[in-house]
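# Structure assessment
For reference, the chains in residue letters:
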Amino acid sequence: MRRRAFILCVAMLANVRRASAQGRARRVGALIVEQTQADILESILKEKGWIVGQNLRIEYRITRGDTNLPRAGARELLALKPDVLFAVSNTSMAALHAEHSDIPTIFAMVSNSVEMHYVESFSRPGGNATGFTPFEPSLGGKWVSLLKEAAPNLEHIGIVYNPEPGNNSSAFRKSIDEVASKVGIVSIETPSGNSSDIDRLILSLKDKPNSGAIFLPDAITYARRVQIAALVAQCRLPAIYPFRAFCDAGGLMSYGVIIEKIIAAGASYVDLVLRGAKPAELPVQAPTEFELVVNQNAARLLGAQLPPSLLARADAVSQ
């Protein structure tokens with residue numbers, strides 16, 4: 001395996017040298033959620049020898065969680081005919097996939113690539129797309145267990161995500177249902193219609209005693225994390241989120257991957273494709289590192305006493 005990887009790298013280096021000798025700057029089209037992701041992409045590619053403005057051009061379309069922007073951004077990027085596309089989030093990848101492009105595509109933070117038919121399997125993607133998924137489906141059950149541990153009286157949960165095409169609820173629902181039935185969860189509610197239903201679902205939960213919320217990884221809620229955390233606190237709901245940034249914004253707890261590492265890994269695949277690798281030959285990779293973050297201030301505002309065993313397992317506890 002190592003010998004094969006070495007031979008592949010040698011071949012790709014030869015390809016990029018030929019491209020440089022011809023004086024042609026390579027082009028990347030990136031459909032992303034926010035500017036920090038652009039910074040990571042450029043930083044990693046710079047480490048690999050790609051300099052924006054010299055041997056590399058990057059065209060960005062930044063959605064900031066606006067569901068009206070991905071499809072338009074996808075069409076604009078495809079019209080530029082870049083050498084490789086980089087999609088961050090489920091909605092970004094769904095928009096690119098809907099255009100049926102044959103341009104090599106690397107995705108990051110996409111959690112349902114097989115179910116959405118972006119790839120045939122993790123080990124053999126088989127087409128023109130591959131990348132990095134942020135979650136294993138079994139994490140749905142983990143979120144239920146952690147939330148129940150933080151709020152023992154929990155009986156009702158809302159699963160919060162953008163219900164429009166490209167959502168990732170199916171990837172987690174089975175494990176959520178299995179664990180919920182074992183720990184005494186009476187009902188599970190989900191949003192419907194479009195992204196505006198997210199706030200309505202959160203507000204509806206405050207009228208049900210012993211309710212809480214599980215946030216699935218989603219570009220819209222992530223982009224609105226400050227407002228989302230404030231609304232959840234206003235409704236006095238215990239909630240668990242998929243990313244640490246929600247806790248930084250005032251959320252109670254999070255369990256999930258470190259986003260920056262997933263984006264950086266995706267950028268490394270962009271480098272490989274620029275050097276000649278084919279997405280079909282690059283396996284989709286799942287995360288191996290997760291972090292549990294707890295916000296004690298949010299717990300105090302909620303009036304919750306978090307168990308010492310939960311705090312002891314946390315990778316970070318903010319006061």
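Structural notes, computed from the coordinates. Small disclaimer: the values here were computed from a predicted structure and weren't measured.

What counts as what
Residues numbered from 1 in each chain as written. Predicted model: local features only at pLDDT ≥ 70, side-chain atom pairs only at ≥ 80, totals over all residues. Heavy atoms only, no water. Helix = DSSP H or I, 4+ residues; strand = E, 2+ residues; numbered from the N terminus. Expected span 1.5 Å × (residues − 1). Buried < 20%, exposed > 50% of the residue type's maximum accessible area, 1.4 Å probe, protein only. Polar contact = N/O pair within 3.5 Å; in protein donor to acceptor, adjacent residues only side chain to side chain. Contact = heavy atoms within 4.5 Å. Core = buried A, V, L, I, M, F, W, Y, C linked by side-chain atoms within 4.5 Å. Salt bridge = Lys/Arg side-chain N within 4 Å of Asp/Glu carboxyl O. Phe/Tyr/Trp six-rings, centres within 6.5 Å; stacked < 30°, edge-to-face > 60°. Lys NZ or Arg CZ within 6 Å of the ring centre and 35° of its normal. Right-handed = clockwise from strand over helix to strand, strands pointing away. Pairing = 2+ DSSP bridges.

## Regarding helix α11 (residues 259-274)
- The first and last C-alpha atoms of α11 sit 23 Å apart over 16 residues, in line with the 22 Å expected at 1.5 Å per residue.
- Residues of α11 that are buried include every one of Ile 259, Ile 262, Ile 263, Ala 264, Ala 265, Gly 266, Ala 267, Tyr 269, Val 270, Asp 271, Val 273 and Leu 274, and no others.
- Immediately beyond the C-terminal end of α11, within one or two residues, lies Gly 276, with a positive phi of roughly 115°.

## Regarding the environment of Arg 225
- Mapped onto the secondary structure, Arg 225 falls in helix α9 (residues 225-234).
- When the C-alpha positions of Arg 225 and Ile 198 are compared, they lie 12 Å apart, and in sequence the two are 27 residues distant.
- In terms of polar contacts, Arg 225 uses its side chain to reach the backbone carbonyl oxygen of Tyr 222, at 2.7 Å.

## Notes on the environment of Ser 187
- With respect to the secondary-structure elements, Ser 187 resides in strand β7 (residues 187-189).
- Taking C-alpha positions, Ser 187 is 28 Å from Ala 314, a pair spaced 127 residues apart along the chain.
- Leaving out residues up to four positions away in the same chain, Ser 187 has contacts with Glu 155, His 156, Ile 157 and Lys 208.

## Describing the nonpolar core
- Grouped together as the largest cluster of nonpolar side chains are 83 residues, with contacts concentrated most on Phe 86, Trp 143, Ile 202, Phe 215 and Val 270.
- Tallying contributions element by element places α11 first for this core, with 10 residues.
- Residues Leu 31, Ala 74, Leu 85 and Phe 107 belong to the second largest nonpolar core, which totals 17 residues.

## Some points on the pattern of salt bridges
- Across all of its chains, the model carries 15 salt bridges by this definition.
- Asp 177 is the partner of Arg 173 in a salt bridge, and the nearest nitrogen-oxygen pair spans 2.7 Å. Of this pair, Arg 173 and Asp 177 both sit in helix α6 (residues 169-182), four residues apart, which is roughly one turn of that helix.
- A salt bridge links Asp 199 to Arg 224; its shortest N-O distance comes to 3.1 Å. Taken as a pair, Asp 199 in helix α7 (residues 197-205) and Arg 224 in the loop between α8 (219-223) and α9 lie far apart in primary sequence, 25 residues in all.
- With a relative accessible area of 24%, Asp 199 lands in the partly exposed category.
- Relative accessible area serves as the criterion here: at 26%, Arg 224 is assigned to the partly exposed category.
- Shared partners join several salt bridges into a network, and the residues in it are Arg 24, Arg 26 and Asp 83.

## As for the packing of aromatic side chains
- Scanning the model with the defined rule gives eight aromatic pairs in all.
- Between the aromatic rings of Phe 215 and Phe 246, the centroid separation amounts to 6.3 Å while the plane-to-plane angle is 35°, which identifies the pairing as tilted. Placement of the pair is Phe 215 in strand β8 (residues 211-215) and Phe 246 in helix α10 (residues 244-248), with a sequence separation of 31 residues.
- For Phe 215, a relative accessible area of 0% translates into the label buried.
- In this structure Phe 246 comes out as buried when scored by relative accessible area, which is 0%.
- An aromatic cluster of three or more residues is present, and its members are Phe 215, Tyr 222, Tyr 241, Phe 243 and Phe 246.
- In this structure, Lys 142 packs its charged tip against the face of Tyr 255, placed 5.5 Å from the ring centre.
- The cationic tip of Arg 225 hangs over the ring face of Tyr 222; the distance from NZ or CZ to the ring centre is 4.2 Å.

## Quick word on the pairing of strand β4 (residues 105-108)
- On β4, burial covers both faces: Thr 105 and Phe 107 on one face and Ile 106 and Ala 108 on the other are all buried.
- Handedness of the crossover joining strand β3 (residues 84-88) and β4 through helix α4 (residues 90-98): right-handed.
- Bridge count between β4 and strand β5 (residues 129-132): four bridges; the pairing is parallel. What sits directly across from Thr 105, in β5, is Ala 129.

So, to be careful, I would describe these as geometric facts and stop short of saying anything about function.
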